[in-house]
Amino acid sequence: MIVGYRHPTALSHLDRAPRAGATRLWTALIVLAAFAFRVAWVQALPYDYDRSYSPGIGLSILNQVQTGMTLIGMLHSESSNSGLTNPALPNYVFALVEIFDQSPYVVTLLSAMLGVLVPVFTVNLGTRLLGARVGLIAMMLAAGSAWSAFFARGAWYTAFFELAIILPVWLLVNALQSKKPVRLSLPIIAAAVMANFYLVAFAVATQFGAVVLLVRARLQNLPRTLVLFALAWFISVLCLAAVVAANRSTNIRTAGFELVYGNPTDEQKKDLTKPRLNLFTLERLSDLVGGYFDEVTPGWMFPSFTAGASPEIRAIRPAWTAEWLTANRTRSTVINLAGLLGLLIWVWHARSRLIMRVLVIFALIPVLEQIIVTSLLPTFPANHQNMFLAAPMIYLIPALGVDGFLRGCSWLGSRLGLQAAAAGARVIACAVGALVILAIPFVGWAGEANVLLHPPGTPQITDMPLLWQTRLSEAIRATCSVLDSPENPFELSRLKQQYWYYTLMHSARTVRAASDIHVGASDGWQVGGVGGDCAVRLADESAPPYSERVPITASEIAGRLSLFRAVALPAITGSVTTNNLGWRLLTTDLPARLHPGDLLVVQQRWLVERIASDSTDDARYDTFIKLLGPDGRTAAQADASSVRLATWMPGEQLQTATRLVLPADLKPGAYRIELTHYDRNQKKNAVFTVAGNPASNVSLFYELAVE
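Definitions and cut-offs
Residues numbered from 1 in each chain as written. Predicted model: local features only at pLDDT ≥ 70, side-chain atom pairs only at ≥ 80, totals over all residues. Heavy atoms only, no water. Helix = DSSP H or I, 4+ residues; strand = E, 2+ residues; numbered from the N terminus. Contact = heavy atoms within 4.5 Å. Areas by Shrake-Rupley, 256 points an atom, 1.4 Å probe, with all protein chains shown as cover. Buried < 20%, exposed > 50% of the residue type's maximum accessible area, 1.4 Å probe, protein only. Pairing = 2+ DSSP bridges. Lys, Arg positive; Asp, Glu negative; His and termini not counted. Salt bridge = Lys/Arg side-chain N within 4 Å of Asp/Glu carboxyl O. Expected span 1.5 Å × (residues − 1). Core = buried A, V, L, I, M, F, W, Y, C linked by side-chain atoms within 4.5 Å. Patch = residues over 30% accessible without salt bridge, like charges linked within 9 Å, V, L, I, M, F, W, Y side chains within 5 Å. Phe/Tyr/Trp six-rings, centres within 6.5 Å; stacked < 30°, edge-to-face > 60°. pLDDT = per-residue confidence, 0-100. Axes fitted to C-alpha atoms, helices over the stretch in contact; angles between N-to-C directions. Nonpolar A, V, L, I, M, F, W, Y, C, P; charged D, E, K, R; others polar. Parallel < 35°, antiparallel > 145°, perpendicular 65-115°, else oblique. Left-handed = near helix turned anticlockwise from the far one by under 90°.

**Examining the overall build of the protein**
Check the secondary structure of the protein and you find 23 helices and 18 strands. Of the contacts made within the protein by residues no fewer than 6 positions apart, 76% connect residues no fewer than 24 positions apart. Looking at the protein as shown, the accessible area adds up to about 30500 Å², and 63% of this sits on carbon and sulfur atoms.

Written out as structure tokens, the structure reads:
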């Protein structure tokens, strides 16, 4: 019979479950604690590439809808750790939110607040299945889970993942307890929909498949349920296939190697692909159950930021860091021990209760799946978020263990005639437990937030705290109509960086494609000619050519970042054109005189007249600068930046600055500067021609006096 949890008869007189009024009060207090834990210091979150994925794509979707783009064109998504493309549904959720507000702060705050539903569903399930006290303990564990809060605060693909798992489980328990098999269709459909939030959620299909087969004896309309099951998941697979096809996903094994091992040799690949038993999944599960949060040592609450933090940032961590980590590990160990006890109790009752067997199987299947996959494919990462497939059991089982321990203490106290002492011990245990479960992660959160809001040195632009990004965004949108998105040559995907810049401008249409910035001895940027073109730089980096600095009033940003705006553009004049690139040279500015050891900066404006004949994504031309002495010999030379041809559109300007440090022992005299563009791969020069003589092939020469 499918019923709620009934305590053993021998212990029923010892069960002092909280009364209804007290239960509601404790539930409200824990909900408030969960809310505070998820939204407190959210302004300190480092708003990096990962967190800008979905909000940035959401902004892109809004702009594409406005321009009438087809649905297939809007199916862009980012690759997962396995190399397959993630589902696109979160992008549309964020696009829907951004119809009303485009601020990344609002988007992040919303996902954090939705995470509060996790402990709410947990207490409901725990109370109905195991009693009010177990429900409250499970709720407390969910409310104080640093992992749960961390992913909920992400505003990325995993932001809704835990909720996407718990909701179908909640519907499943409702269906089983109602004794109406037709209701089983609701959790199946919900799980199929939720699978389109995060790729790993497709593993839920195996869990629900096992559940359907397990309860087959109680389902009179089993064929209909199986058909519905197959149809719902088939549609989900088609949705994922459409996204993968639209993004042309990489090979799963190749992507796994690149992610985990970088670029191994063939011999290393042979060794790394040998199947071996990998129990690392159990360690991840233990971290998730116990709440031990140390994903990247020495980072604790924000590993994505602290992993790459400078030694100075790590050095100013609070003095109690070691004590905090010790307390965190102790807390985790105690909860894990309670989980082992709770698992034994759960299995004992699963012998006679169908719903207990259903849920324990639901939780064990993803653990076994992960062990099998990571053993057969050693390059496949075992991540903490993958273990959320076992939710809400990661909270219910240790809560049952804590409840069993308290029952044992009550039984022992009654046998020894120490009921009052036992009752007092329970009160003390509950108070200490609440403090340990909620206070330790909350204190760690506060310490990390302080470090992130006041870091020394200059962090990467895309690692700045959310508060800084919000203030920078306000300054940019008040000054600029277009923001330049610099290209990072070390990033695998330029779109990752562009999404971050989309959130700065609250729009994808006002962010230009990647420019050739800070590569070699030169930089450049794209200017549209309508005014308001801007670029963001680190404070110690050089200004873009032909630009002026815009003051930033926020003091914590002004010393670390600089905002530049293009100066007024001159009239289009000039007589030199690069035939094979389709640019016309408008102006060239360089100092007439310099001294030995000085920095020579040659600034140029180019008008893009047509799309280059070779405008593939990888097509580039490098700038080569050479200093020729009075005798015609080369006195100094350098390879400068590479220019991405596909970026520039007709009618726009490419503004470049090429730099060369003059030798300190350079003799005074008249020198010449030679500039040439060439294709580094094909060793092919870009041909400059003199107006009126298209057959001439020349480089650009300029005079310079060294004094």
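Alright, that's what it looks like, and here's the rest.
**What about the pairing of strand S4 (residues 533-538)?**
The buried count for S4 comes to six of six residues, which makes it a mostly enclosed element. Residue alternation in S4 divides its side chains into two sets, Asp533, Ala535 and Arg537 and Cys534, Val536 and Leu538, and both sets are buried. Two elements, strand S1 (residues 482-486) and S4, share two bridges in a ladder whose sense is parallel. When the sheet's bridge partners are listed, Leu483 is paired in S4 with Cys534.

**Quick look at the side chain of Asp287**
Checked against the element boundaries, Asp287 lands in helix H14 (residues 280-290). Put simply, Asp287 is tucked away with no salt bridge, and the nearest opposite charge, on Arg284, sits 4.3 Å away. Once residues lying within four places of it in the same chain are set aside, the contact partners of Asp287 are Trp147, Tyr292, Arg329 and His384.

**Brief notes about helix H6 (residues 132-143)**
Its twelve residues give H6 an end-to-end C-alpha distance of 16 Å, which sits within 8% of 16 Å, the value for a rise of 1.5 Å per residue. Among the twelve residues in H6, twelve count as buried, and that is most of the element. By the burial criterion, the buried members of H6 are Ala132, Arg133, Val134, Gly135, Leu136, Ile137, Ala138, Met139, Met140, Leu141, Ala142 and Ala143.

**Concerning the nonpolar core**
Grouped together as the largest cluster of nonpolar side chains are 122 residues, with contacts concentrated most on Trp233, Trp346, Ile394, Leu472 and Ile476. Here Ile476 is in contact with Leu483, Leu504, Met505, Val536 and Leu563, once residues within four sequence places are set aside. Formed by 22 residues, the second largest nonpolar core is a distinct cluster that contains Leu600, Trp606, Leu666 and Tyr702.

**Some details on the pattern of salt bridges**
Evaluation of the coordinates by the stated rule reveals six salt bridges. Here Arg133 and Asp403 are joined by a salt bridge, their closest N and O atoms 2.8 Å apart. Placement of Arg133 in helix H6 and of Asp403 in helix H19 (residues 393-415) is noted, with a sequence separation of 270 residues between them. The exposure class assigned to Arg133 is buried, which follows from its relative accessible area of 13%. Note that Arg471 is salt-bridged to Glu556, the shortest N-O span being 2.6 Å. One end of the pair, Arg471, is in helix H21 (residues 466-479); the other, Glu556, is in helix H23 (residues 555-558), with 85 residues separating them in the sequence. Given a relative accessible area of 35%, Arg471 falls into the partly exposed group. Several salt bridges share partner residues, and in doing so they unite Arg133, Asp403 and Arg407 into one network.

**A short note on a nonpolar patch on the surface**
Taken together, the side chains of Leu25, Trp26, Leu29 and Leu32 define a hydrophobic patch exposed on the protein surface, amounting to about 430 Å² of accessible area. As for its placement among the helices and strands, Trp26 is situated in helix H1 (residues 20-39). What makes Trp26 partly exposed here is its relative accessible area of 44%.

**Details of the environment of Leu377**
Within the fold, Leu377 resides in the loop between helix H18 (354-376) and H19. A relative accessible area of 26% places Leu377 in the partly exposed class. Placed 102 residues apart in sequence, Leu377 and Pro275 show a C-alpha to C-alpha distance of 6.6 Å.

**Details of H14**
Those residues of H14 that sit buried are Thr281, Arg284, Leu285, Asp287, Leu288, Val289 and Gly290. Within two residues after H14, Gly291 carries a phi angle of roughly 80°, on the positive side.

**Some remarks on the packing of aromatic side chains**
Tallying each qualifying case throughout the model produces 14 aromatic pairs. Three or more aromatic residues link up through ring pairs in this structure, and these residues are Trp147, Phe150, Phe151 and Phe388.

**A few points about the confidence of the model for the protein**
Averaged over every residue, the pLDDT of the protein is 76; residues scoring 70 or more account for 73%. At the low end of the mean pLDDT range in the protein sits helix H15 (residues 303-306), at 35; at the high end sits helix H5 (residues 117-130), at 92. Across residues 1-17 the pLDDT falls below 50, and counting only partners more than four positions away or on other chains, this stretch makes 36 contacts in the model. Segment residues 295-320 is flagged for pLDDT under 50; beyond a separation of four residues in sequence, or across chains, it makes 64 contacts in the model.

**Considerations on the pairing of strand S13 (residues 653-661)**
Extensive coverage of S13 is indicated by the burial of eight of its nine residues. Pairing of strand S10 (residues 599-608) with S13, which is carried by nine bridges, proceeds in the antiparallel orientation. Paired with Val602 across the two strands is Thr658, which belongs to S13.

**What about the packing of helix H4 (residues 104-114) against H21?**
Closest axis-to-axis distance for the H4/H21 pair is 9 Å, and the angle between their directions is 145°. Taken together, the residues of H21 that come into contact with H4 (itself represented by Pro104, Tyr105 and Thr108) are Leu466, Gln469 and Thr470. Partitioning the contact of H4 with H21 into residue classes produces three nonpolar, three polar and no charged.

**Comments concerning the packing of helix H10 (residues 204-214) against H18**
Packing of H10 against H18 leaves a shortest axis separation of 9 Å and a crossing angle of 150°. With respect to H18, the axis of H10 lies roughly antiparallel. Judged by the twist between their axes, the crossing of H10 over H18 is right-handed. Counted together, Val204, Thr206, Gln207, Phe208, Ala210, Val211 and Leu214 of H10 and Leu354, Arg357, Val358, Ile361, Phe362, Ile365, Pro366 and Glu369 of H18 form the full contact between these two elements. Along the lines of polarity and charge, the residues of the contact of H10 with H18 split into eleven nonpolar, two polar and two charged.

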